[in-house]
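Coordinates in review
Okay, here's what each chain looks like letter by letter:
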Amino acid sequence: MGWIEVIVGPMFSGKSEELIRRLRRAEIARQRVQIFKPVIDQRYTVNGIVSHSGLEISSDLVKDASEILTKVEPRTEVIGIDEAQFLGEALVEVCTKLADMGKRVMVSGLDTDFMGRPFEPMPRLLAVAEEITKLLAICVRCGNPAVNTQRLVASEDLIVVGAAGMYEARCRRCFEPQLATQKIEEEKKTAVKSRAASG
Ligand SMILES: [Zn+2]
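Every value quoted in this text rests on a predicted model; they were computed, and no experiment measured them.

Cut-off values and rules
- Residues numbered from 1 in each chain as written.
- Predicted model: local features only at pLDDT ≥ 70, side-chain atom pairs only at ≥ 80, totals over all residues.
- Helix = DSSP H or I, 4+ residues; strand = E, 2+ residues; numbered from the N terminus.
- Buried ≥ 20, exposed ≤ 12 C-beta atoms within 10 Å, placed from the backbone.
- Contact = placed C-beta atoms within 7 Å.
- Core = buried A, V, L, I, M, F, W, Y, C linked by C-beta atoms within 7 Å.
- Pairing = 2+ DSSP bridges.
- Axes fitted to C-alpha atoms, helices over the stretch in contact; angles between N-to-C directions.
- Right-handed = clockwise from strand over helix to strand, strands pointing away.
- Expected span 1.5 Å × (residues − 1).
- Arc of directions from axis to C-beta.

The number of helices and strands found in the protein chain is five helices and 12 strands. When the 199 residues of the protein chain are sorted by exposure, 35% land in the buried category. Excluding contacts between residues fewer than 6 apart, the proportion of contacts in the protein chain whose partners are at least 24 apart in sequence is 73%.

Here the focus is the nonpolar core. I4, V6, L91, C95, V105, V107 and L125 are the most contacted members of the largest nonpolar core, which has 31 residues in total. At the level of secondary structure, the elements contributing two or more residues to this core comprise β1 (3-8), α1 (15-28), β2 (33-38), α2 (65-71), β6 (78-81), α3 (91-100), β7 (104-109) and α4 (122-128). Excluding anything up to four places from it in sequence, V6 contacts V107, L125, L126, A129 and I132. Counting residues in hydrophobic clusters, the runner-up holds 10 residues, among them M11, F12, V147 and F175.

An order of β5-β2-β6-β7-β1-β8 is seen for the six strands of this open sheet, with the pairing classed as parallel. At either margin of the open sheet sits one strand with a lone partner, and together these are β5 (60-62) and β8 (131-134). Strand-to-strand twist in this sheet, taken as the mean axis angle between neighbours without regard to direction, amounts to 20°. Pairing analysis gives six bridges linking β1 to β7, with the strands arranged parallel. The residue bridging I4 from the neighbouring strand is V105, located in β7. The strands touched by α1 within the sheet are β1, β2, β6, β7 and β8, with β7 carrying the most contacts at an inclination of about 160°. Sheet contacts for α3: β1, β6 and β7; angle to β7, the most-contacted strand, approximately 155°.

A word on the pairing of β6. What you see with β6 is no split at all: V78 and G80 on one side and I79 and I81 on the other are buried throughout. Taken together, the four bridges between β2 and β6 define a ladder with parallel strand orientation. Looking at the pairing, V33 lines up with V78 of β6. The sheet contact formed by β6 and β7 spans four bridges and is parallel. Bridge assignment links I79 to a residue of β7, and that residue is V105. Handedness of the crossover is the feature at issue here: the chain leaves β6, passes through α3, returns alongside β7, and the resulting connection is right-handed.

Given a rise of 1.5 Å per residue, 20 residues ought to cover 28 Å, and the 29 Å separating the end C-alpha atoms of helix α5 (residues 179-198) matches this to within 8%. Across the 20 residues that make up α5, only a small minority, zero, are buried.

For the rest of this paragraph, the subject is the environment of A146. If you trace the backbone, A146 turns up in strand β10 (residues 145-146). Between the C-alpha atom of A146 and that of C174, which follows or precedes it by 28 residues, the distance is 9.0 Å. If we skip the residues at most four places from it in the chain, A146 touches P10, L136, A137, I138, C139, A169, R170 and C171.

Our focus in this paragraph is α3. Looking only at α3, the buried set comprises L91, V92, V94, C95, L98 and A99. Buried residues along α3 cover an arc of 165° about the axis, so they all sit on one side. On its buried side, α3 packs onto β1, α2, β6, β7 and α4. The positive-phi residue at the C-terminal boundary of α3 is G102, with phi of around 100°.

Before going further, it helps to spend a moment on the environment of A127. Relative to the elements of secondary structure, A127 occurs in helix α4. It is 9.5 Å that separates the C-alpha atoms of A127 and V92, two residues lying 35 residues apart in sequence.

As a further point, take unusual backbone geometry. For the bond running from E120 to P121, omega is 10°, close enough to zero to count as cis. On the secondary structure map, P121 appears in the loop between β7 and α4. With a phi close to 70°, F12 is a non-glycine residue in the positive phi region. Even without a glycine there, the phi angle at R30 is positive, about 60°.

What follows is the structure, given as structure tokens:
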């Protein structure tokens, strides 16, 4: 029988490592495994899930969730999907279909965005999953358990791919959801000042 298991949490909580660990165990058990990740996440490598600690496992790149259905081979027993928050609305339907076909579907992704808002489609995927693991990071400010991904750069785009230096883990108390917006305002003011100075 198939099922869906989801690993969520902020950046730096070890989601990819946990996914890789489960996939490796399936491989050791001689199950047929296929791994997918969105083409948008090209940090460190083109083909392969890489965790922040450097663990790696080879994967197929896909543009969106529906492409996974076309690439899954009938004999595959276990499917791993990393950075799933970038795969779009159809992900829930795709995972459900694969689980209904009798496959074990493991999905890892961010459950909240840089503002602390639910990051679709992960919340809906959690609702239909058989098993949920929520990992916490460590707050870089105070050392408490961290649920939030703090963006440190000036951008309000939902997706800004990056790692160390652009994001850090923060706890509920230290999280500053408006920081990215404040930085945009600061940059505007600086730009106006420098224009006034030069003109
Ligand atoms: Zn903190």
